[in-house]
Amino acid sequence: MWIPDAIYRKLPAIYAAAGAALIPAFGLNGPSVLSAALLIGAGVLTALWRYKHRQAPELPTLTPKQEWEQRRAKRDQTLNIQ
């Protein structure tokens, strides 16, 4: 499914606004409160996932084997073992 870019960028706010509009429209009853909470949650999660996706990737972590290999190489350099 294709969504225009202008709508796609505003989607988290649209979800939250729709959720907030349900309470005045339908009152405080179970289904409207649940639907409002789910829509607001969807907006928050969508915004959070987009924010995290746009962050710089974390530096790769070393495995224990790679860490021990680095330590061995440093030790060998300081001891001049060939």
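It should be noted that the structure appears before, not after, this text.
Residues numbered from 1 in each chain as written. Predicted model: local features only at pLDDT ≥ 70, side-chain atom pairs only at ≥ 80, totals over all residues. Heavy atoms only, no water.

(A) Up close: a nonpolar patch on the surface. A cluster of nonpolar side chains, contributed by Leu-45, Leu-48 and Trp-49, occupies part of the molecular surface with about 310 Å² of accessible area. Mapped onto the secondary structure, Leu-45 falls in helix α2 (residues 30–54). (Patch = residues over 30% accessible without salt bridge, like charges linked within 9 Å, V, L, I, M, F, W, Y side chains within 5 Å. Areas by Shrake-Rupley, 256 points an atom, 1.4 Å probe, with all protein chains shown as cover. Salt bridge = Lys/Arg side-chain N within 4 Å of Asp/Glu carboxyl O. Helix = DSSP H or I, 4+ residues; strand = E, 2+ residues; numbered from the N terminus.)

(B) Broad picture of the packing of helix α1 (residues 5–26) against α2. Put simply, α1 and α2 touch, their axes get as near as 8 Å, and they point 165 degrees apart. By the angle between their directions, the pair α1 and α2 is classed as roughly antiparallel. In this structure, α1 meets α2 at a crossing whose hand is left-handed. Between α1 and α2, the residues in contact are Tyr-8, Arg-9, Leu-11, Pro-12, Tyr-15, Ala-16, Ala-18, Gly-19, Ala-20, Leu-22, Ile-23 and Phe-26 and Ser-32, Val-33, Ser-35, Ala-36, Leu-39, Ile-40, Ala-42, Gly-43, Thr-46, Ala-47 and Arg-50, respectively. Here the contact of α1 with α2 is built from residues that sort into 16 nonpolar, five polar and two charged. (Axes fitted to C-alpha atoms, helices over the stretch in contact; angles between N-to-C directions. Parallel < 35°, antiparallel > 145°, perpendicular 65-115°, else oblique. Left-handed = near helix turned anticlockwise from the far one by under 90°. Contact = heavy atoms within 4.5 Å. Nonpolar A, V, L, I, M, F, W, Y, C, P; charged D, E, K, R; others polar.)

(C) The pattern of salt bridges, seen in detail. Inspection of the entire model under this criterion finds two salt bridges. For Asp-5, the salt bridge identified is with Arg-9, shortest N-O distance 3.2 Å. Of the two residues, Asp-5 and Arg-9 are both situated in helix α1; the distance of four residues between them amounts to about one turn of the helix. Owing to a relative accessible area of 47%, Asp-5 belongs among the partly exposed residues under this scheme. Relative accessible area serves as the criterion here: at 53%, Arg-9 is assigned to the exposed category. In this structure, Glu-67 engages Arg-71 in a salt bridge whose closest nitrogen and oxygen atoms are separated by 2.9 Å. One end of the pair is Glu-67 and the other is Arg-71, both in helix α3 (residues 64–79) and four residues apart, which spans about a single turn. (Buried < 20%, exposed > 50% of the residue type's maximum accessible area, 1.4 Å probe, protein only.)

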